[in-house]
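Reading the structure
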Amino acid sequence: MSATRIRAMFQKELREYRRSGSIVATMAILPIIFAVEPLIQIFNLPASSAATLAGKDPLLYMLGIPALVPAALAAYSVVGERQQGTLEPVLTTPIRREELLLGKALAVFVPALVIAYAVFALAVASIAVFAASPVASAVLRTGPLPAQVVFTPLLAAWSIWVGTAISARCNDTRVAQQLSVLGGLPLVVLAALIAFGVIHVTTRLTVVLGVVLLAVDLRGWRFVSLMFDRERLITGTKS
Amino acid sequence: MSSDRHANADGKPGSTALAVQGLTKRFGERVAFQDVSFEVGYGEVFGFLGPNGAGKTTTVRTLGTLIAPTSGSATVAGIALKPENGVEIRQRIAIMPEAPGLYLRLSVAENLECFAGLYEAPDPAQRIDRALEAVNLADRAGDPCGSLSKGLRQRVALARALLGDPEVLFLDEPTSGLDPVAARDVHELIDELRRRGVTIFLTTHRLEEAERVCDRVAILNTTLRTIGRPDELREQLFAKTLVIKTLAPLADPGRLFGGLPAVEGWHQNGSGEYVVDISDSRIAAPAVTRALVQDGSDVLAIAESQHSLEDVYLQLIDEDVEAKAART
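Residues numbered from 1 in each chain as written. Chains lettered and ligands numbered in written order. Predicted model: local features only at pLDDT ≥ 70, side-chain atom pairs only at ≥ 80, totals over all residues.

Comments concerning the overall build of chain B
Counting its secondary structure elements, chain B contains eleven helices and 14 strands. Taken along the three principal axes of its C-alpha coordinates, chain B extends 75 × 45 × 40 Å. Counting all 328 residues of chain B, 42% fall into the buried class. In chain B, once contacts between residues fewer than 6 apart in sequence are set aside, the share between residues at least 24 apart is 70%. (Helix = DSSP H or I, 4+ residues; strand = E, 2+ residues; numbered from the N terminus. Buried ≥ 20, exposed ≤ 12 C-beta atoms within 10 Å, placed from the backbone. Contact = placed C-beta atoms within 7 Å.)

Here it is, written out as structure tokens:
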């Protein structure tokens, strides 16, 4: 494994994002839309309804953000390069498929993480300022915070590997992006079930789910690398 | 690009940079190329010619470890062509595909920075500067690749291929889309790389280009049809002839040409034009000239017929077309 090659791919991807305003705008707008509706509901809750929030973690609904934001970008990562004709020159260099995929995944992971944490921080701050005080106290109790911190990168990584796997096997960018968003939906459903109290987040559940997701993410890298078939990507024919 | 490193890459100047033995690639039932064998020495410019669909690009991709051969063996830059050697081979070679494949939103320098990193080039800034100077693009480093013409993009792709300081450089149609001046610059760069001992594997449709820059050429049409120096191929395929033009038809050409040294036969090609088959022009041409002068003929021209590499190419490909037609 070469850190230089991974860094080269990572930097290239970030530079491309910066040059494309629509990519950045799409990444930023989606989480804001995702966060606005539950926030408005929380702002409108009267102080007397704070007791009804017991056992619910509405802020964890925002775990849908790391599940959805990286999906489209990850879906573009391989098939997009293939369609614009830039994949073959990259594959002629000494880069290993694991390095290529890790560089690309990190370039999606970092901005997704920054956006997810930033939107969460903004949500927390706005609830503290605008929600009724008892409601704010009920929502911002310490319980969901560790879960948010732990699950955000793990869910983002899962979403990235699902998107990248689809990207490595699809022949069309649009199909890959649609399938990747669909692939992220189970995670959004999981986040919703937690947020609405169907699944109650305990410290033990956080640790267990965290370990499981971490194992899945690490295996995901290897699994997607195995799915990355140079010959099929170059010639369209299975090796 | 380090100078003169590759000529002695393994301490043996002129040793084999590419050795291909019985290499075959099939995609299902379709044969891309079959039973291809050749060797290319270090510092050699090797032309790989053939019609569309002949398997040239697939051969390059196979030797570049992008796709796996169905059968056969090869060594590339001294390393056996096996899946486990892919990284090591790609560290020693560079491939410039026919389509430049640049990141159009990034500048020229940013494209090259990315690839310098992928090649783990030491002192990447210096490498990039030298590569840009080599293709005369030093003043365009900051330009977005999307703003460049096709020809300039081609030159950026060539600069990118030089970043890894390759021992073997595969160039797939490097002058496609270039104007004559830019194409000449590329030819001069190929000459310069050859002097440094870099092996160039050049696929091209431009036969005059192959004749101009290649030490040897191979003609591929799924199978390897021929291989050799351009002049060798011409001699192999075409009989040597003298073309003689006279003001008036000769009175008795059979008597005049018969018995002359190195003359093997003749035929008339219209009024006042004769084609004389010869074995050695250095002997036949003076003898024929003397005979014509002694005969008092009014000679307009005596010239050795010149067959180009294009003639060789067309002859071989036409043979394949005829053979295919005969089978069906």
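Next, the rest of the story.
Concerning the overall build of chain A
Secondary structure summary: chain A contains ten helices and zero strands in total. For 239 residues, the compact-globule estimate of 2.2 N^0.38 gives 18 Å, and chain A sits close to it at 19 Å. Burial analysis of chain A (239 residues in total) assigns 44% to the buried set. In chain A, 86% of the contacts between residues at least 6 apart in sequence involve partners at least 24 apart. (Rg over C-alpha atoms; globule rule 2.2 N^0.38 Å.)

Some details on the sheet that holds strand E2 (residues 30–41) of chain B
Residues and elements named next belong to chain B. If you trace the four strands from one edge of the open sheet to the other, you get E2-E1-E4-E5, paired in antiparallel fashion. Two strands close off the open sheet at either side, each with one partner strand: E2 and strand E5 (79–80). Taken together, the eight bridges between strand E1 (residues 16–27) and E2 define a ladder with antiparallel strand orientation. Its bridge partner being in E2, arginine 26 is matched across the sheet by valine 31. (Pairing = 2+ DSSP bridges.)

Re the interface of chain A and chain B
In this assembly, 27 residues from chain A lie in contact with 25 residues from chain B. Among the elements of the structure, helix H1 (3–19), helix H4 (87–91) and helix H10 (230–235) of chain A are those that each provide at least two residues to the side of chain A that touches chain B. Per-element tally for the side of chain A that touches chain B: the top contributor is H1 of chain A, with eight residues. Grouping the constituent residues of the side of chain A that touches chain B by class yields seven nonpolar, ten polar and ten charged. (Nonpolar A, V, L, I, M, F, W, Y, C, P; charged D, E, K, R; others polar.)

A closer look at the domain arrangement of chain B
For chain B, the assigned domains are domain 1 (6–103 + 148–234) and domain 2 (239–304). For domain 1 of chain B and domain 2 of chain B, the distance between their C-alpha centres works out to 43 Å. (Domains from an automatic or database assignment.)

Examining the nonpolar core
Residues Leu60 and Met62 of chain A together with Ile200 and Phe201 of chain B are the most contacted members of the largest nonpolar core, which totals 143 residues. A total of 14 residues in this core trace back to one element, the largest contributor, which is helix H5 (residues 97–130) of chain A. In this view, isoleucine 200 of chain B contacts Val45, Phe46, Leu169, Leu171, Ile190, Leu193 and Arg194 of chain B; residues no more than four positions away in its chain are not counted. In terms of nonpolar packing, the next biggest core, distinct from the first, is built from eleven residues, Leu256, Val263, Tyr274 and Val288 of chain B among them. (Core = buried A, V, L, I, M, F, W, Y, C linked by C-beta atoms within 7 Å.)

Re the pairing of strand E6 (residues 93–96) of chain B
Residues and elements named next belong to chain B. Side chains Ile93 and Ile95 of E6 all project onto a buried face; the interleaved residues Ala94 and Met96 project onto the opposite face, where all are buried too. Pairing geometry for E6 and strand E7 (residues 168–172), over four bridges, is parallel. Bridge assignment links isoleucine 95 to a residue of E7, and that residue is phenylalanine 170.

What about the sheet that holds strand E12 (residues 263–268) of chain B?
Residues and elements named next belong to chain B. Strand order in the open sheet made by the four strands is E12-E13-E11-E14, with antiparallel pairing throughout. Each edge of the open sheet carries a strand with a single partner, namely E12 and strand E14 (299–304). Strand-to-strand twist across the sheet, computed as the mean angle between neighbouring axes with direction ignored, equals 20 degrees. In the sheet, E12 pairs with strand E13 (residues 273–278) via five bridges, with the strands oriented antiparallel. Bridge pairing in E13 links histidine 267 to valine 275. (Axes fitted to C-alpha atoms, helices over the stretch in contact; angles between N-to-C directions.)

Describing the environment of glycine 22 of chain B
Locating glycine 22 of chain B in the fold gives a position in strand E1. Residue contacts for glycine 22 of chain B: discarding those within four places in its chain leaves Asp35, Ser37, Ser71 and Gly72 of chain B.

Describing the confidence of the model for chain B
All names here are of chain B. The predicted model of chain B averages 87 in pLDDT, with 93% of residues at 70 or higher. A low-confidence stretch, residues 1–14 stays under pLDDT 50, and its non-local contacts, those more than four residues away or across chains, total 26 contacts. With a pTM of 0.81, the predicted complex shows an ipTM of 0.85. (pLDDT = per-residue confidence, 0-100.)

Topic: unusual backbone geometry
Residue and element names in this part refer to chain B. Phi is positive for aspartate 35, close to 50 degrees, though the residue is something other than glycine. Mapped onto the elements of the fold, aspartate 35 is located in strand E2. Among the residues examined, aspartate 35 registers 14 C-beta atoms within 10 Å and is labelled partly exposed. Even without being glycine, threonine 65 reaches a positive phi, approximately 70 degrees. Mapped onto the fold, threonine 65 is located in the loop between helix H1 (56–63) and strand E4 (71–76).

Overview of helix H4 (residues 124–134) of chain B
Residues and elements named next belong to chain B. By the burial criterion, the buried members of H4 are Arg127, Ile128, Ala131 and Leu132. Projected onto a plane normal to the axis of H4, the buried residues spread over an arc of 130 degrees and lie on a single side. For H4, the exposed residues lying more than 90 degrees away from the buried face are Ala125, Gln126 and Glu133. Residues of H4 that are buried in the fold lie against helix H3 (108–118) and helix H5 (150–162). After H4 finishes, the residue asparagine 136 shows a positive phi value of roughly 55 degrees. (Arc of directions from axis to C-beta.)

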